[in-house]
Amino acid sequence: MLKQRVITAIVLLAILLPALFYRTPVPFCALALLMIAAGAWEWGRLNAFGQGGSFGLAALCVLACGLSWYGGLLDRPLALLWAASGGAWVLAGAWLLRAGVSGWPRIPKALRLCGGLVALWLAWLAIAQARVMGIEFLLSVLVLVWVADIFAYFAGRALGGRFSKGKLAPSISPGKSWEGVWGGMAGVVALSLAWSFWGGNTLYSQLAQRHGIALMLLAVIFLAAMSVVGDLVESLIKRSAGVKDSSGLLPGHGGVLDRVDALLPTLPLAMMLVTL
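Residues numbered from 1 in each chain as written. Predicted model: local features only at pLDDT ≥ 70, side-chain atom pairs only at ≥ 80, totals over all residues. Heavy atoms only, no water.

A.B. asks: I'm lost on the overall build of the protein chain in this one. Help?
C.D. replies: When its secondary structure is counted, the protein chain shows eleven helices and two strands. In sequence order, the secondary structure elements of the protein chain are arranged as α-α-α-α-α-α-β-β-α-α-α-α-α. Its C-alpha atoms give the protein chain a radius of gyration of 18 Å, within 12% of the compact-globule value 19 Å for 276 residues. The principal-axis extents of the C-alpha atoms in the protein chain amount to approximately 50 × 50 × 40 Å. Within the protein chain, buried positions represent 49% of all 276 residues. Considering only contacts within the protein chain whose residues lie at least 6 apart along the sequence, 74% involve residues at least 24 apart. Looking at the protein chain as shown, the accessible area adds up to about 13400 Å², and 71% of this sits on carbon and sulfur atoms. (Helix = DSSP H or I, 4+ residues; strand = E, 2+ residues; numbered from the N terminus. Rg over C-alpha atoms; globule rule 2.2 N^0.38 Å. Buried < 20%, exposed > 50% of the residue type's maximum accessible area, 1.4 Å probe, protein only. Contact = heavy atoms within 4.5 Å. Areas by Shrake-Rupley, 256 points an atom, 1.4 Å probe, with all protein chains shown as cover.)

Next comes the structure, spelled out in structure tokens:
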């Protein structure tokens, strides 16, 4: 398993890094579109849509993203869209976590399929816009999610259960602790302070310049919390479907949705914060 994970990671980096650092955003946006389409296929399978229906959902996702690209949305601020999507993620995420695993099948399948398709389209549009804004800006958003996840893992391993009486969401993801969440938040606070003082075109510098350091710190804590929501929501859906991974597309790593679950809410919310 470890060998599979390493090989898959090396292959992904060999593909992603040249696309990311290419002189224009086109290769990266195209590659992100391919991955989001794979995520849409996984979404159909998680919701028992069948193989043909899942491929159809992936095609619809490609069509929606392609029309957005062709229509020039990557160069527009889209403040209202990001505000609406951010609010929807907060409300829907809270409702889903409150409803739990048993609440997911009670949602009509058509609504689940459409909701997932819209969430994936918004994630692609956000990551593509972020790349158009600059490589450093995009990396500052991605690294925030990665740092939150890494710090949460080590804080949970070292301190899990020492300061809180219960698990974060035992019926959804028994391994996650409140200490892990706090550790992730501490990690992004340290990251944002260091990177904002360094300067450059980043999420942190933009937030600090527009709203001040205090609100910038609140914003990154909020984004770290929403990355946890994205992770938990995907875990909830997988438990409802009775599967461990969203697919086996990435050997040793599961599926695409397993790798981008925390990014699905975080990317549109980051765009919302810098366009308000």
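A.B. asks: Explanation requested: unusual backbone geometry in the structure shown.
C.D. replies: Phi is mostly negative for residues that are not glycine, and the peptide bonds are mostly trans. Positive phi is not limited to glycine here, since Ala-48 has a value of about 55 degrees. When you line up the elements, Ala-48 lands in the loop between helix H2 (26-46) and helix H3 (51-70).

A.B. asks: It is not clear to me how the pattern of salt bridges should be interpreted in this structure. Could you clarify?
C.D. replies: Side-chain pairs of opposite charge can arise whenever the charged atoms involved come near each other. Applying the stated criterion across every chain, the model contains three salt bridges. Among the ionic pairs, Lys-176 bridges to Asp-231, the shortest N-O distance being 3.5 Å. You can see Lys-176 sitting in strand E2 (residues 173-177) and its partner Asp-231 sitting in helix H9 (residues 213-241), a full 55 residues away along the chain. A relative accessible area of 15% means that Asp-231 is categorised as buried. The salt bridge partner of Lys-238 is Asp-258, with a shortest N-O separation of 2.8 Å. Linking Lys-238 in helix H9 with Asp-258 in helix H10 (residues 256-260), this pair joins segments that are 20 residues apart in sequence. In this structure, Lys-238 and Asp-258 share a single accessibility class: buried. Three or more residues joined by partner-sharing salt bridges are found here, namely Glu-234, Lys-238 and Asp-258. (Salt bridge = Lys/Arg side-chain N within 4 Å of Asp/Glu carboxyl O.)

A.B. asks: Got a minute to help me understand a nonpolar patch on the surface in this structure?
C.D. replies: The grouping of Trp-146, Ile-150, Phe-151, Tyr-153 and Phe-154 at the surface amounts to a nonpolar patch, some 560 Å² of accessible area in total. Within the secondary structure layout, Phe-154 lies in helix H6 (residues 135-159). Of the residues examined, Phe-154 reaches a relative accessible area of 53% and is grouped as exposed. (Patch = residues over 30% accessible without salt bridge, like charges linked within 9 Å, V, L, I, M, F, W, Y side chains within 5 Å.)

A.B. asks: Before we go on, may I ask you to explain the nonpolar core in this structure?
C.D. replies: Generally speaking, soluble globular proteins have nonpolar side chains that are buried together. Ranked by size, the top nonpolar core spans 82 residues in total, and within it Trp-124, Leu-144 and Leu-203 carry the most contacts. A per-element tally of this core places helix H5 (residues 109-133) first, with 13 residues. Setting aside chain neighbours within four positions, we find Leu-203 in contact with Phe-137, Ser-140, Val-141, Leu-144, Leu-223, Ala-270 and Val-274. (Core = buried A, V, L, I, M, F, W, Y, C linked by side-chain atoms within 4.5 Å.)

A.B. asks: Would you mind showing me how to read the side chain of Glu-179 here?
C.D. replies: As for its placement among the helices and strands, Glu-179 is situated in helix H7 (residues 178-198). Despite its burial, Glu-179 remains without a salt bridge, the nearest opposite charge being carried by Lys-167 at 7.1 Å. Excluding anything up to four places from it in sequence, Glu-179 contacts Ala-155, Leu-159, Gly-160, Gly-161, Arg-162, Phe-163 and Ser-164. (Lys, Arg positive; Asp, Glu negative; His and termini not counted.)

A.B. asks: Got a minute to help me understand H9 in this structure?
C.D. replies: One turn of an α-helix holds 3.6 residues; hence residues three or four places apart share an orientation. Here H9 is 29 residues long and its end C-alpha atoms lie 42 Å apart, about the 42 Å a rise of 1.5 Å per residue gives. The first or second residue beyond H9 is Gly-242, which carries a positive phi of 75 degrees. (Expected span 1.5 Å × (residues − 1).)

A.B. asks: Help me out: how do you make sense of the layout of surface pockets in this one?
C.D. replies: Empty space within the second largest pocket amounts to approximately 570 Å³. Lining the second largest pocket are 26 residues; nearest its centre among them are Ala-92, Leu-96, Gly-115, Gly-116 and Ala-119. It is H5 that contributes the most residues to the lining of the second largest pocket, nine residues altogether. For the lining of the second largest pocket, the class distribution of residues is 18 nonpolar, five polar and three charged. (1 Å grid on protein atoms, 1.4 Å probe; cavity = no way out; pocket = protein on both sides within 12 Å on 5 of 7 lines; lining within 4 Å. Points joined across faces, edges and corners; volume = space filled by probe spheres on them. Nonpolar A, V, L, I, M, F, W, Y, C, P; charged D, E, K, R; others polar.)

A.B. asks: Explain the side chain of Ser-246 to me, please; I cannot follow it from the model alone.
C.D. replies: Along the chain, the position of Ser-246 falls in the loop between H9 and H10. Side chain to side chain, Ser-246 and Glu-42 meet in a polar contact 3.0 Å long. Not counting the four nearest positions on each side in its chain, Ser-246 is found in contact with Glu-42, Arg-45, Leu-46, Glu-234, Lys-238, Gly-255, Val-256, Leu-257 and Asp-258. (Polar contact = N/O pair within 3.5 Å; in protein donor to acceptor, adjacent residues only side chain to side chain.)

A.B. asks: Before we go on, may I ask you to explain the pairing of E2 in this structure?
C.D. replies: Within a regular strand, side chains alternate between the sheet's two faces. Note that strand E1 (residues 167-169) and E2 share two bridges and pair antiparallel. Paired with Ala-169 across the strands is Ser-173, a residue of E2. (Pairing = 2+ DSSP bridges.)

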